[in-house]
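Below, each chain spelled out in residue letters.
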Amino acid sequence: MSSHFRALFAKEFLAEIRNQSAWLSSALFGLSSIVAIAFSTFNQNPTPTQHAGMLTIVLVFAATVTLPRVFMAEEEQQTFDFLRLIAKPEAIWLGKAAYCTVQMVLNGLVLALLYSVFTKVQVVNYPLYFGATLLEAIALGVSLSLCGSIALGASSRWLLTTVIALPLVLPQIAISIGAIRPALGEGSVSGGIQNLVALLGFAIAMVTFGPPLSKVLWKLYPGKQD
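As the structure is a prediction and not an experimental result, all values here were calculated from the model.

A. Local environment of the pattern of salt bridges. In the structure shown here, the tally under the stated rule is 2 salt bridges. In this structure, Lys215 and Glu90 form a salt bridge, with 3.7 Å as the shortest nitrogen-oxygen distance. Here Lys215, found in helix 9 (residues 189-218), pairs with Glu90, found in helix 6 (residues 89-118); they are 125 residues apart in sequence, far enough to count as distant. Owing to a relative accessible area of 18%, Glu90 belongs among the buried residues under this scheme. With a closest N to O distance of 3.4 Å, Arg181 and Glu186 form a salt bridge. For Glu186, a relative accessible area of 26% corresponds to the partly exposed category.

What follows is the structure in C-alpha coordinates.
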(Lines give C-alpha, C1' and ligand atoms only; values in the text may rest on other atoms or scores of the structure.)
Protein backbone atom coordinates (compact mmCIF):
# COMPACT_ATOMS: atom_id res chain seq x y z
CA MET A 1 0.00 0.00 0.00
CA SER A 2 2.91 2.37 0.64
CA SER A 3 3.88 2.44 -3.03
CA HIS A 4 0.29 3.27 -4.04
CA PHE A 5 0.18 5.97 -1.37
CA ARG A 6 3.35 7.59 -2.71
CA ALA A 7 2.13 7.29 -6.30
CA LEU A 8 -1.21 8.94 -5.51
CA PHE A 9 0.44 11.74 -3.54
CA ALA A 10 2.84 12.36 -6.44
CA LYS A 11 -0.08 12.28 -8.91
CA GLU A 12 -1.92 15.03 -7.05
CA PHE A 13 1.24 17.09 -6.69
CA LEU A 14 2.16 16.84 -10.39
CA ALA A 15 -1.42 17.55 -11.46
CA GLU A 16 -1.43 20.72 -9.37
CA ILE A 17 1.91 21.83 -10.81
CA ARG A 18 0.36 21.62 -14.28
CA ASN A 19 -2.93 23.24 -13.31
CA GLN A 20 -2.31 25.31 -10.15
CA SER A 21 -5.99 26.25 -9.94
CA ALA A 22 -6.52 24.94 -6.40
CA TRP A 23 -3.45 26.64 -4.94
CA LEU A 24 -4.26 29.93 -6.68
CA SER A 25 -7.93 29.80 -5.72
CA SER A 26 -7.13 29.14 -2.08
CA ALA A 27 -4.40 31.80 -1.96
CA LEU A 28 -6.49 34.47 -3.70
CA PHE A 29 -9.55 33.74 -1.58
CA GLY A 30 -7.51 33.87 1.61
CA LEU A 31 -5.68 37.05 0.60
CA SER A 32 -8.92 38.76 -0.40
CA SER A 33 -10.44 37.85 2.96
CA ILE A 34 -7.44 39.21 4.84
CA VAL A 35 -7.48 42.48 2.88
CA ALA A 36 -11.21 42.85 3.58
CA ILE A 37 -10.60 42.28 7.30
CA ALA A 38 -7.73 44.78 7.28
CA PHE A 39 -9.92 47.47 5.69
CA SER A 40 -12.90 46.74 7.94
CA THR A 41 -10.81 46.93 11.12
CA PHE A 42 -8.83 50.03 10.08
CA ASN A 43 -8.56 52.50 12.99
CA GLN A 44 -10.23 49.92 15.23
CA ASN A 45 -8.76 47.72 17.92
CA PRO A 46 -10.20 44.17 17.78
CA THR A 47 -9.52 41.96 20.77
CA PRO A 48 -7.10 39.02 20.46
CA THR A 49 -10.07 36.64 20.53
CA GLN A 50 -11.70 38.50 17.64
CA HIS A 51 -8.44 38.37 15.67
CA ALA A 52 -8.14 34.65 16.40
CA GLY A 53 -11.69 34.11 15.19
CA MET A 54 -11.17 36.08 11.98
CA LEU A 55 -7.94 34.25 11.15
CA THR A 56 -9.59 30.88 11.82
CA ILE A 57 -12.49 31.75 9.50
CA VAL A 58 -10.02 32.72 6.76
CA LEU A 59 -8.34 29.32 7.10
CA VAL A 60 -11.66 27.45 7.11
CA PHE A 61 -12.99 29.20 4.02
CA ALA A 62 -9.69 28.83 2.15
CA ALA A 63 -9.79 25.09 2.85
CA THR A 64 -13.48 24.61 2.07
CA VAL A 65 -13.36 26.11 -1.41
CA THR A 66 -10.51 23.88 -2.62
CA LEU A 67 -9.79 20.71 -0.65
CA PRO A 68 -12.93 18.59 -1.27
CA ARG A 69 -12.40 19.02 -5.01
CA VAL A 70 -9.30 16.79 -4.81
CA PHE A 71 -11.70 13.86 -4.45
CA MET A 72 -14.55 15.19 -6.58
CA ALA A 73 -12.28 15.90 -9.54
CA GLU A 74 -11.83 12.14 -10.01
CA GLU A 75 -15.56 11.73 -10.46
CA GLU A 76 -15.86 14.74 -12.77
CA GLN A 77 -13.03 13.39 -14.92
CA GLN A 78 -14.46 9.85 -14.72
CA THR A 79 -11.17 8.43 -13.44
CA PHE A 80 -12.29 7.24 -10.01
CA ASP A 81 -13.16 3.71 -11.17
CA PHE A 82 -9.69 3.38 -12.69
CA LEU A 83 -8.07 4.47 -9.43
CA ARG A 84 -9.95 1.80 -7.52
CA LEU A 85 -8.74 -0.82 -9.96
CA ILE A 86 -5.07 -0.06 -9.35
CA ALA A 87 -5.03 0.88 -5.64
CA LYS A 88 -6.76 0.00 -2.38
CA PRO A 89 -9.28 2.53 -1.02
CA GLU A 90 -7.09 3.12 2.03
CA ALA A 91 -4.12 4.10 -0.15
CA ILE A 92 -6.30 6.36 -2.30
CA TRP A 93 -7.67 8.18 0.71
CA LEU A 94 -4.34 8.53 2.47
CA GLY A 95 -2.54 9.75 -0.65
CA LYS A 96 -5.15 12.40 -1.40
CA ALA A 97 -5.53 13.40 2.24
CA ALA A 98 -1.76 13.82 2.55
CA TYR A 99 -1.74 16.10 -0.47
CA CYS A 100 -4.68 18.13 0.89
CA THR A 101 -2.90 18.47 4.21
CA VAL A 102 0.37 19.63 2.66
CA GLN A 103 -1.49 22.14 0.51
CA MET A 104 -3.42 23.49 3.48
CA VAL A 105 -0.34 23.68 5.72
CA LEU A 106 1.57 25.75 3.18
CA ASN A 107 -1.40 28.00 2.47
CA GLY A 108 -2.24 28.30 6.15
CA LEU A 109 1.22 29.38 7.24
CA VAL A 110 1.42 31.96 4.44
CA LEU A 111 -2.06 33.28 5.28
CA ALA A 112 -1.16 33.52 8.98
CA LEU A 113 1.93 35.54 8.09
CA LEU A 114 -0.03 37.81 5.75
CA TYR A 115 -2.73 38.25 8.38
CA SER A 116 -0.21 39.49 10.94
CA VAL A 117 1.24 41.92 8.38
CA PHE A 118 -1.96 43.34 6.91
CA THR A 119 -3.95 43.64 10.15
CA LYS A 120 -0.92 44.67 12.24
CA VAL A 121 -2.08 42.37 15.03
CA GLN A 122 0.43 42.12 17.88
CA VAL A 123 1.75 38.57 18.13
CA VAL A 124 3.34 37.97 21.52
CA ASN A 125 4.14 34.27 21.03
CA TYR A 126 5.14 33.38 17.48
CA PRO A 127 5.78 29.65 18.12
CA LEU A 128 2.26 29.27 19.53
CA TYR A 129 0.80 31.43 16.75
CA PHE A 130 2.28 29.41 13.91
CA GLY A 131 1.94 26.14 15.82
CA ALA A 132 -1.81 26.72 16.19
CA THR A 133 -2.06 27.64 12.50
CA LEU A 134 -0.12 24.52 11.54
CA LEU A 135 -2.29 22.12 13.55
CA GLU A 136 -5.53 23.81 12.45
CA ALA A 137 -4.39 23.46 8.83
CA ILE A 138 -3.63 19.76 9.38
CA ALA A 139 -7.01 19.20 11.05
CA LEU A 140 -8.79 20.98 8.20
CA GLY A 141 -6.85 19.04 5.59
CA VAL A 142 -7.82 15.61 6.89
CA SER A 143 -11.37 16.60 7.92
CA LEU A 144 -12.32 18.03 4.54
CA SER A 145 -10.65 15.08 2.83
CA LEU A 146 -13.03 12.86 4.75
CA CYS A 147 -15.98 15.04 3.74
CA GLY A 148 -14.98 14.99 0.07
CA SER A 149 -14.55 11.22 0.06
CA ILE A 150 -17.96 10.63 1.68
CA ALA A 151 -19.73 12.88 -0.85
CA LEU A 152 -18.42 10.95 -3.88
CA GLY A 153 -21.28 9.61 -5.98
CA ALA A 154 -23.91 11.95 -4.52
CA SER A 155 -26.02 13.98 -6.94
CA SER A 156 -25.48 17.17 -4.90
CA ARG A 157 -21.86 16.59 -3.94
CA TRP A 158 -20.98 20.11 -2.81
CA LEU A 159 -24.14 20.49 -0.75
CA LEU A 160 -23.54 17.14 0.93
CA THR A 161 -19.91 18.07 1.60
CA THR A 162 -21.04 21.28 3.32
CA VAL A 163 -23.56 19.43 5.47
CA ILE A 164 -21.00 16.81 6.49
CA ALA A 165 -18.30 19.41 7.12
CA LEU A 166 -20.41 21.50 9.50
CA PRO A 167 -20.23 19.20 12.57
CA LEU A 168 -16.54 18.51 11.88
CA VAL A 169 -15.43 22.10 11.33
CA LEU A 170 -17.39 23.86 14.08
CA PRO A 171 -15.47 22.20 16.96
CA GLN A 172 -12.22 22.96 15.19
CA ILE A 173 -13.12 26.64 14.95
CA ALA A 174 -13.64 26.86 18.72
CA ILE A 175 -10.45 24.92 19.45
CA SER A 176 -8.42 26.96 16.96
CA ILE A 177 -9.57 30.23 18.50
CA GLY A 178 -8.62 28.91 21.92
CA ALA A 179 -5.16 28.02 20.61
CA ILE A 180 -4.46 31.25 18.73
CA ARG A 181 -5.71 33.89 21.17
CA PRO A 182 -3.01 33.24 23.84
CA ALA A 183 -0.43 33.84 21.11
CA LEU A 184 -1.99 37.30 20.68
CA GLY A 185 -1.88 38.13 24.38
CA GLU A 186 -5.23 36.93 25.75
CA GLY A 187 -5.51 33.83 27.90
CA SER A 188 -2.83 31.54 29.24
CA VAL A 189 -0.16 29.79 27.22
CA SER A 190 -1.00 26.53 28.99
CA GLY A 191 -4.58 26.87 27.76
CA GLY A 192 -3.31 27.43 24.24
CA ILE A 193 -1.15 24.31 24.45
CA GLN A 194 -4.13 22.27 25.62
CA ASN A 195 -6.02 23.42 22.54
CA LEU A 196 -3.04 22.47 20.37
CA VAL A 197 -3.23 18.95 21.80
CA ALA A 198 -6.97 18.90 21.08
CA LEU A 199 -6.36 19.90 17.44
CA LEU A 200 -3.74 17.18 17.11
CA GLY A 201 -6.14 14.61 18.58
CA PHE A 202 -8.85 15.73 16.18
CA ALA A 203 -6.51 15.27 13.21
CA ILE A 204 -5.43 11.82 14.42
CA ALA A 205 -9.08 10.78 14.79
CA MET A 206 -9.84 11.84 11.20
CA VAL A 207 -6.83 9.92 9.87
CA THR A 208 -7.88 6.87 11.89
CA PHE A 209 -11.48 6.81 10.64
CA GLY A 210 -10.89 8.09 7.11
CA PRO A 211 -9.44 5.01 5.37
CA PRO A 212 -11.82 2.34 6.77
CA LEU A 213 -14.87 4.58 6.36
CA SER A 214 -13.95 5.33 2.74
CA LYS A 215 -13.42 1.63 2.08
CA VAL A 216 -16.93 0.83 3.27
CA LEU A 217 -18.65 3.75 1.53
CA TRP A 218 -16.86 3.36 -1.79
CA LYS A 219 -18.28 -0.16 -2.11
CA LEU A 220 -21.62 1.59 -2.60
CA TYR A 221 -20.22 3.97 -5.20
CA PRO A 222 -22.51 3.88 -8.30
CA GLY A 223 -19.66 3.25 -10.72
CA LYS A 224 -18.34 0.17 -8.92
CA GLN A 225 -18.72 -3.06 -10.86
CA ASP A 226 -18.06 -6.12 -8.71
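Moving on, there is more to tell.
B. Molecular detail of the environment of Leu55. Structurally, Leu55 is set in helix 3 (residues 48-64). Residue classification places Leu55 among the buried residues on the basis of a relative accessible area of 1%. Expressed as a C-alpha distance, the spacing of Leu55 and Thr133, which sit 78 residues apart in the sequence, is 9.0 Å.

C. Up close: unusual backbone geometry. Even without being a glycine, Asn43 presents a positive backbone phi close to 65°. With respect to the helices and strands, the residue Asn43 is situated in the loop between helix 2 (21-40) and helix 3. Using a relative accessible area of 70% as the deciding quantity, one classes Asn43 as exposed.

D. Here's a closer look at the packing of aromatic side chains. Scanning all chains against the criterion turns up 3 aromatic pairs. Centroid distance Phe29 to Phe61: 6.2 Å. Interplanar angle 85°. Geometry classified as edge-to-face. Of this pair, Phe29 sits in helix 2 while Phe61 sits in helix 3, and the two are 32 residues apart along the sequence. Look at Phe29 and you get partly exposed, because its relative accessible area is 32%. Ring plane angle 20° and centroid distance 6.2 Å describe the contact between Tyr126 and Phe130, whose orientation is recorded as stacked. Pair noted here: Tyr126 and Phe130 are both in helix 7 (residues 126-150), with a separation of 4 residues, about one helical turn. Relative accessible area serves as the criterion here: at 45%, Tyr126 is assigned to the partly exposed category. Following the ring pairs from residue to residue traces out a cluster consisting of Tyr126, Tyr129 and Phe130.

E. Local environment of the packing of helix 4 (residues 69-76) against helix 8 (residues 157-180). Their axes nearest at 12 Å, the elements helix 4 and helix 8 cross at an angle of 155°. With respect to each other, helix 4 and helix 8 are oriented roughly antiparallel. Like other packed secondary-structure pairs, helix 4 and helix 8 cross with a definite hand, here right-handed. Contacts between helix 4 and helix 8 involve Arg69, Met72, Glu75 and Glu76 from the first element and Arg157, Trp158 and Thr161 from the second. When its residues are assigned to classes, the contact of helix 4 with helix 8 shows 2 nonpolar, 1 polar and 4 charged.

F. Representation of helix 9 within the structure. Across its 30 residues, helix 9 extends 43 Å between first and last C-alpha, which sits within 8% of the 44 Å expected from 1.5 Å per residue. Of all the bends in helix 9, the greatest, near 35°, is centred on Gly210, and the proline Pro211 appears no more than four residues after it. Buried residues of helix 9: Gly191, Gly192, Leu196, Leu199, Phe202, Ala203, Met206, Gly210, Pro211, Ser214 and Trp218, and no others. On its buried face, helix 9 is in contact with helix 4, helix 5 (80-86), helix 6, helix 7 and helix 8.

Conventions adopted
Residues numbered from 1 in each chain as written. Predicted model: local features only at pLDDT ≥ 70, side-chain atom pairs only at ≥ 80, totals over all residues. Heavy atoms only, no water. Salt bridge = Lys/Arg side-chain N within 4 Å of Asp/Glu carboxyl O. Helix = DSSP H or I, 4+ residues; strand = E, 2+ residues; numbered from the N terminus. Buried < 20%, exposed > 50% of the residue type's maximum accessible area, 1.4 Å probe, protein only. Phe/Tyr/Trp six-rings, centres within 6.5 Å; stacked < 30°, edge-to-face > 60°. Axes fitted to C-alpha atoms, helices over the stretch in contact; angles between N-to-C directions. Parallel < 35°, antiparallel > 145°, perpendicular 65-115°, else oblique. Left-handed = near helix turned anticlockwise from the far one by under 90°. Contact = heavy atoms within 4.5 Å. Nonpolar A, V, L, I, M, F, W, Y, C, P; charged D, E, K, R; others polar. Expected span 1.5 Å × (residues − 1). Bend = angle between axes of the 7 residues up to and from the residue.

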